[in-house]
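Chain by chain, the residues:
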Amino acid sequence: MMAGLRTLTAILIVLVVTRALAQGPDELLRRSDVGGFSPRSFRARLVLTSMPQGARHEIEVWRSGDTRTLIRFMDPKERGKFLLRLDSDVWLITPGAKKPVHLSPSYRLYGGATLDEILGIRLASAYQVESVSTGTDAGGALVVLELRAKAEGSLFPRVRYVVRETTERPVVATYRLRSGRDATAVEFLQWNERGLVYAKRLIVSDLLRKGAQTEVAILEVEARAIPDGLFSLTDPTARQALP
Amino acid sequence: MLPLIALRNLSRNQRRTLLSLLVVCVGFIGLLLTAGFVRASFVGLREAVIQGGLGHLEVVPAADLGAANSADRTGRPPGFAGWREIRDTIEHQPHVRAAGATIQFAGVATNGGSSASFVGLAVEPDRERRMGMAVRLREGASLPEAEGAGGEDQVLLGVGLARALGAAPGDTIAVMAATPDGSLNAVDMVVAGLFTTGFQELDGRILKTSVADAQRLLGTERVTSVIVGLTETSTTPQVETALRQLLTTGPAPLSIVTWETRAPFYGQVRALYGSIFAFLGTIVALLVALSISNTMLMSVLERVREFGTLLAIGTSRAQLAQMLIFEALWLAAIGALAGSALGFGLVTLINALHIEMPPPPAAVDPILLELLVQPSDFLWIFGAMTIILAAAAIPPMLRVFRLQIVDALGHV
Amino acid sequence: MQLAFEVRGLAKTYRQGTVVVQALSGIDLAVRSGEFMVVAGSSGSGKSTLLHLLGGLDRPDAGNILFAGVDLAARTEAERTRIRRHQLGFVFQSFNLVPVLSAYENVEYGLWLGGMAKPERRRRVEEALDAVGLADRMHHRPDHLSGGERQRVALARALVNAPIAVLADEPTASLDTHTAAGMVQLLIELNATRGTTFVFATHDPTIIARAPRVVHLSDGRIVDEMRRSAG
């Protein structure tokens, strides 16, 4: 009787996965890519909680297309400070410095997570599927995609991308260094399915520093056109006019 | 009478005695100069360490000691807030010249195109000056002393860091650092001047600013520690005890750390120099002892018949041995006296010449050859010479103990 | 009559390389207190050896030496040193003065060894140097004195302690004839005035001719003995 049930479960999993992969693993990657859910231009409010200290920081994200992002720090102590990303360049803009200060793209907000980890790498465009396998967890069947970066010299040449078969939502993305060592894991805990689809709560774990985690809660996402002035390196007027 | 005979015996072979005195004298001077050099090195290093920014004592929150990173502090930002009160209390203690807050931080400085990471040290410039910590300025001016003088924030850059940034006095650079709560901040600072720490490696990384400016950058009222400068280094243990009683209790206990604890290499250098000195001292002692022993033995062999006569007329062998000891002691005394006079003159001359030695590895400036001799040096070297020469008298004494009177009387 | 020395069956051999030399053999001798005795003999006859044994500078191979009733051979070195210091005086052929000390200091040395107080030492030294006729040369060092003067200093040194006996080994051998004669005269006078026992080893015919008692040694044995009546 028990043997029969196990066989049945296995057959079902194989059937389900076979169905999911019927359209090809690259198509599954595209449909599950968290970055892909966001509109091209949006404003979002996020709360970052650093673990284990438990310090909460609110930020506002203004994004226009794939290449321009402005992070506005909302804590009273940090009013007037921005992080501006143009292509792969990241700049810090503070009231104390007249000119933006160039930062490394791997800069971690509050020491916890990079912008890419919070906002999501466009995996479908930057990576291709190298191999596929299957698995299960308490939530059901999983598809495990091993991704390889299309561009040479990417910070994370490989990503292990686990997708829940039934929902086609990512469960966890593990970013690997060139050495093969796991560097960061992003766990997608909660999804907003009404209106815009986006991960409402995710946890970024810095696997190189044990115990260092940042919980990201996305409070709201508003699809809207973003004025170009917000992304100006030289003219702060538009940023200063923000409410 | 034996000391008199011993002294007159030295005048028998004046050339040989002069040679023996020369050996003692040179040995004495050698030990004196080495002791003076070693002490000057110790004191110089000690004061350089203290004046270089370490101060005599450092007051830090007890919880910060041993906390290697922020995670160890379980969320509490490092340093302490009520530092002004603590600093003022410390400054009212006896033997305290001044106390000043410091902040240690790290970040990245950028001058438009180029950027470089730095280790930052924020100080209270007026108090730093009162503690006797002179900044070795290479270009430009020091940090302004008045707290909250307004105007632009100012920094001093290590010469190597300035070179890496392509910055010169008067330039404005952006200084960026992580605040205690993990966020990032940047402020523009005007380069007031360029300085050296004396260590090439540190010069390439160090940035110095005022506590007030660093606090604006880091968005904190806290400081890392309060450095205490004393009137005399010798009062360190006394003030440490006083401060310990005053500051190490209460809800937020503070720790008092001495400069020696903070500069463990000082102890290592001391131990190294100590063993080098002991080694040299042993060689000098051996050379002096062997040379004098040999000379005395020759002198005894020339006086065998005389010793025979002295034994025949009722002198005991112990008295003859005493006479030899007296001869050695006279050599020690006269040689040491001459060594003291010549050594003192040589020390004065060397110190007056301001001889420069090449900088040690990783250091920037040449070292001034200085000798620091104390009155006690003359005493202990004299004591050492006395012991060495007394030891040198042992082989000739043994020779005397073996003499047969009849053979000795017939000795030609 | 009290004896200064009493010697019975004295024998002494030396080893010179592989050769054993019989320096003294079967010596029996008695020297009265206050006697002036010469031990005569050619070189190598055993004179010096006999004097060394009498002075406790060496130990005999056989026989006894009683000095003032004390068996020297049975005493420790320290005891013999004390005896030499207080009760014996020595005069050597080559004077054997301490060259770095003045005549006065050479004479004073023995008294200092005996622990005598300085004022008493001064009195005794001046008296001794006066007795040998050197009061005006007392502060000269040996190298500024003539041979005869040096030997008189040595004599003063031997006498200053008022010893029971003075042993002199060839005391005139390094002196010219005239000085030697003066020296002998002085010795005889001192013997007469002080009553000190004098034992001389010599082959000097001047001394032999004037000595009240002469013992002749040859090959380590007493071969002849001669006594002259006083005067």
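What counts and how
Residues numbered from 1 in each chain as written. Chains lettered and ligands numbered in written order. Predicted model: local features only at pLDDT ≥ 70, side-chain atom pairs only at ≥ 80, totals over all residues. Helix = DSSP H or I, 4+ residues; strand = E, 2+ residues; numbered from the N terminus. Buried ≥ 20, exposed ≤ 12 C-beta atoms within 10 Å, placed from the backbone. Pairing = 2+ DSSP bridges. Axes fitted to C-alpha atoms, helices over the stretch in contact; angles between N-to-C directions. Arc of directions from axis to C-beta. Contact = placed C-beta atoms within 7 Å. Nonpolar A, V, L, I, M, F, W, Y, C, P; charged D, E, K, R; others polar. Core = buried A, V, L, I, M, F, W, Y, C linked by C-beta atoms within 7 Å. pLDDT = per-residue confidence, 0-100. Parallel < 35°, antiparallel > 145°, perpendicular 65-115°, else oblique. Left-handed = near helix turned anticlockwise from the far one by under 90°.

A. Here's a closer look at the overall build of chain B. Each helix and strand counted, chain B has 15 helices and 12 strands in total. Classification of the 412 residues of chain B by burial places 37% in the buried group.

B. Geometry of the sheet that holds strand β3 (residues 36–40) of chain C. Residues and elements named next belong to chain C. Spatial strand order, β6-β7-β8-β3-β9-β10: six strands in an open sheet with mixed pairing. Each edge of the open sheet carries a strand with a single partner, namely β6 (88–91) and β10 (221–227). Neighbouring strand axes in the sheet, compared pairwise and without regard to direction, differ in orientation by 15° on average. Bridge count for β6 against strand β7 (residues 165–169) is four bridges, and the pairing is parallel.

C. Local environment of helix α1 (residues 2–10) of chain B. Residues and elements named next belong to chain B. Ala 6, Asn 9 and Leu 10 are the residues of α1 that are buried. Buried positions in α1, seen along its axis, are confined to an arc of 105° and lie on one side of it. Those residues of α1 that are buried lie in contact with α2 (14–54) and α12 (317–353).

D. Quick peek at the interface of chain B and chain C. Opposite the 16 residues of chain B that make contact, chain C presents 18 residues. Secondary structure elements with two or more residues in the side of chain B that touches chain C: α1, α11 (304–312) and α15 (405–409) of chain B. For the side of chain B that touches chain C, the element with the most residues is α11 of chain B, which contributes four residues. For the side of chain B that touches chain C, a count of residues per class yields six nonpolar, six polar and four charged.

E. Spatial organisation of the interface of chain B and chain A. On the side of chain A, 18 residues touch chain B, which itself brings 15 residues to the contact. Secondary structure elements with two or more residues in the side of chain B that touches chain A: β6 (172–178) and β7 (184–196) of chain B. When residues of the side of chain B that touches chain A are assigned to their parent elements, the largest contribution, five residues, is made by β7 of chain B. The residue inventory of the side of chain B that touches chain A, partitioned by class, reads six nonpolar, seven polar and two charged.

F. Summary view of the nonpolar core. Residues Val 24 of chain B together with Val 39, Leu 129, Ala 156 and Val 199 of chain C are the most contacted members of the largest nonpolar core, which totals 114 residues. Among the elements that take part in this core, α2 of chain B stands out by supplying nine residues, more than any other. In this structure, Leu 129 of chain C is in contact with Ala 103, Tyr 104, Val 107, Leu 134, Ala 135, Met 138 and Ala 156 of chain C, ignoring residues within four places of it in sequence. Leu 109 and Leu 123 of chain A together with Val 96 and Leu 156 of chain B belong to the second largest nonpolar core, which has 106 residues in total.

G. Inspection of unusual backbone geometry at higher detail. Residues and elements named next belong to chain C. With a phi angle near 70°, Phe 95 is a residue other than glycine that sits in the positive phi range. Position of Phe 95 among the secondary structure elements: in the loop between β6 and α3 (103–113). Under the C-beta neighbour-count criterion, Phe 95 is labelled buried, with 24 such atoms within 10 Å. Positive phi is not limited to glycine here, since Asp 219 has a value of about 50°.

H. Local environment of the environment of Gly 139 of chain A. All names here are of chain A. In this structure, Gly 139 sits in the loop between β9 (127–137) and β10 (140–149). By the C-beta count within 10 Å, which is 11 here, Gly 139 ends up exposed. As for Gly 139 and Thr 166, which are separated by 27 residues in sequence, their C-alpha atoms are 9.4 Å apart.

I. Local environment of the confidence of the model for chain C. All names here are of chain C. Per-chain confidence: chain C averages 90 in pLDDT, with 99% of residues scoring 70 or above. Within chain C, strand β9 (residues 213–218) carries the highest mean pLDDT (94), whereas helix α7 (residues 205–210) carries the lowest (83). ipTM for the predicted complex: 0.92, alongside a pTM of 0.69.

J. Structural view of the pairing of strand β15 (residues 212–223) of chain A. Residues and elements named next belong to chain A. The sheet contact formed by strand β1 (residues 41–51) and β15 spans 10 bridges and is antiparallel. Counted as the bridge partner of Phe 42 is Ala 223 from β15. Taken together, strand β14 (residues 198–206) and the strand that follows it, β15, pair antiparallel across an intervening segment of five residues, in which Gly 211 is found at a positive phi of about 85°.

K. A look at the packing of α1 of chain B against α12 of chain B. All names here are of chain B. Orientation of α1 relative to α12, taken along the N-to-C sense of each, is 55°, at an axis distance of 8 Å. The orientation of α1 relative to α12 falls into the category oblique. Handedness of the α1/α12 crossing: right-handed. Contacts between α1 and α12 involve Leu 2, Pro 3, Ile 5, Ala 6, Leu 7, Asn 9 and Leu 10 on the former and, on the latter, Gln 319, Gln 322, Met 323, Phe 326, Glu 327, Trp 330 and Leu 331.

L. Representation of the packing of α12 of chain B against helix α13 (residues 375–392) of chain B within the structure. Residues and elements named next belong to chain B. Interaxial distance between α12 and α13 falls to 9 Å at its minimum, and their mutual angle equals 150°. One finds that α12 runs roughly antiparallel with respect to α13. Considering the relative orientation of α12 and α13, their crossing is right-handed. Two secondary-structure elements touch here, α12 through Ile 325, Ala 328, Leu 329, Leu 331, Ala 332, Gly 335, Ala 336 and Ser 340 and α13 through Phe 378, Phe 382, Met 385, Thr 386, Leu 389, Ala 390 and Ala 392.

M. Just the confidence of the model for chain B, in detail. All names here are of chain B. Mean pLDDT over chain B stands at 88; residues scoring 70 or higher make up 95%. Confidence, read as mean pLDDT per element, is least for strand β12 (residues 367–368) in chain B (82) and greatest for helix α5 (residues 159–165) (95). Note on residues 68–75: pLDDT under 50 across the span, and seven contacts to partners over four residues away in sequence or across chains.

N. Representation of the sheet that holds strand β5 (residues 70–71) of chain C in the model. Residue and element names in this part refer to chain C. As summarised here, the arrangement of the four strands in space is β2-β1-β4-β5, forming an open sheet in which the pairing is antiparallel. Every interior strand has two partners, whereas the edge strands, β2 (19–32) and β5, have only one. Relative to β5, strand β4 (residues 62–67) runs antiparallel, the two sharing two bridges. Along β5, the bridge assignment pairs Leu 66 with Asp 71.

O. Molecular detail of α3 of chain C. Residue and element names in this part refer to chain C. Counting buried positions along α3 yields 10 of 11 residues, so the element is predominantly enclosed. For α3, the complete set of buried residues consists of Ala 103, Tyr 104, Glu 105, Asn 106, Val 107, Glu 108, Tyr 109, Gly 110, Leu 111 and Leu 113. Where α3 is buried, its residues meet α2 (77–87), α4 (118–131) and α5 (147–159). Among the residues trailing α3, Gly 115 stands out with phi positive, at a value near 80°.

P. Highlighting the pairing of strand β3 (residues 68–73) of chain A. All names here are of chain A. Counting buried residues in β3 gives five out of six residues, a clear majority hidden from the surface. Summarising the sheet, strand β2 (residues 55–64) and β3 pair through six bridges and their orientation is antiparallel. Pairing of Ile 59 across the sheet is with Phe 73, part of β3. Direction of pairing for β3 relative to strand β4 (residues 82–86): antiparallel, over a ladder of five bridges. Counted as the bridge partner of Thr 69 is Arg 85 from β4.

Q. Representation of the environment of Leu 28 of chain A within the structure. Residues and elements named next belong to chain A. For Leu 28, the position within the fold is in helix α2 (residues 25–32). For Leu 28, a count of 22 C-beta atoms within 10 Å gives the class buried. Taking the C-alpha atoms as reference points, Leu 28 and Glu 168, separated by 140 residues in sequence, lie 7.2 Å from one another.

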